[in-house]
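Report on the structure
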Amino acid sequence: MEKLNKQEIELLRLLQKNSKLDITYLTQRLNMSKTSVYDKIKKFENEGYIKEYVAIIDQKKVGLHFTVMVNVSLNSQRIEYVNEFLERISDLDEVMEAYVTSGLFDIIFKVVVRDPEAFNDFVMNKISTIPHISKIQSSFVMRYIKQTSALPF
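Bear in mind the structure is a predicted one, so any value in this text is a computation, not a measurement.

1. Remarks on the sheet that holds strand 2 (residues 95-100)
Strand pairs in the sheet, formed through backbone hydrogen bonds, run parallel or antiparallel to each other. The four strands are arranged 2-3-1-4 in an open sheet whose pairing can be described as antiparallel. Both edges of this open sheet fall to strand 2 and strand 4 (133-140), since each of them pairs with a single strand only. With strand direction ignored, the average angle separating the axes of adjacent strands in the sheet is 20°. As paired elements, strand 2 and strand 3 (residues 107-113) share five bridges and run antiparallel to each other. Within strand 3, the position partnered with Val100 by the bridge is Ile107. Contacts between helix 4 (residues 79-90) and the sheet are confined to strand 1 (66-74), strand 2, strand 3 and strand 4, with strand 3 contributing the most and set at about 15° to the helix. Against the sheet, helix 5 (residues 116-127) engages strand 1, strand 2, strand 3 and strand 4, with an angle of about 130° to strand 3.

Here it is in structure tokens:
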């Protein structure tokens, strides 16, 4: 992909903070025509810079008050074991984010559920059924410090 110019970078920054910005606002802010702004947005969509448009929902307003960071070690780092684990957790609605990591744990993922009982059910009936797990460690989120989807570019 080509290098982005300053206007393109600024357009992406504005859109990642609020994808519903009025086109007139964008044209004024970027000193571009409506056609140019539309064309740039379509280019970003077609080239994969913009992956999707979503609404970020307040989890507590929909009854999901409990967030847990789960660390998992597998009993082997064989690629088929890792891939199976990742495939299985990717299908779980409660898993919001997941990462293969280096260090003490092989995989770290974020889980959002109603309460501690729902988390216990999640672990017992979903995570514990996945083979090749040697260790699970959970950290309960006590307070959110920063949550953003905006990339720092």
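2. Let's talk about the domain arrangement of the protein chain
In terms of domain boundaries, the protein chain breaks down into domain 1 (6-47) and domain 2 (59-140). The distance between the C-alpha centroids of domain 1 and domain 2 comes to 37 Å.

3. Remarks on the nonpolar core
Within the largest apolar cluster, 20 residues are counted, with the highest numbers of intra-cluster contacts made by Phe85, Ile89, Phe109, Val111, Phe119 and Phe122. The next biggest cluster of nonpolar side chains, apart from the first, holds 13 residues, and it includes Leu15, Ile23, Leu26 and Leu30.

4. Comments concerning the packing of aromatic side chains
Within this structure, the stated rule accounts for six aromatic pairs. Ring centres of Phe85 and Phe109 lie 6.2 Å apart, and the angle between their planes is 55°; this geometry places the pair in the tilted category. Here Phe85, found in helix 4, pairs with Phe109, found in strand 3; they are 24 residues apart in sequence, far enough to count as distant. For Phe85, a relative accessible area of 0% translates into the label buried. Assessed through its relative accessible area of 0%, Phe109 is described here as buried. Aromatic ring contacts, followed pair by pair, group Phe66, Phe119, Phe122 and Phe140 into a single cluster.

About the thresholds
- Residues numbered from 1 in each chain as written.
- Predicted model: local features only at pLDDT ≥ 70, side-chain atom pairs only at ≥ 80, totals over all residues.
- Heavy atoms only, no water.
- Pairing = 2+ DSSP bridges.
- Helix = DSSP H or I, 4+ residues; strand = E, 2+ residues; numbered from the N terminus.
- Axes fitted to C-alpha atoms, helices over the stretch in contact; angles between N-to-C directions.
- Contact = heavy atoms within 4.5 Å.
- Domains from an automatic or database assignment.
- Core = buried A, V, L, I, M, F, W, Y, C linked by side-chain atoms within 4.5 Å.
- Buried < 20%, exposed > 50% of the residue type's maximum accessible area, 1.4 Å probe, protein only.
- Phe/Tyr/Trp six-rings, centres within 6.5 Å; stacked < 30°, edge-to-face > 60°.

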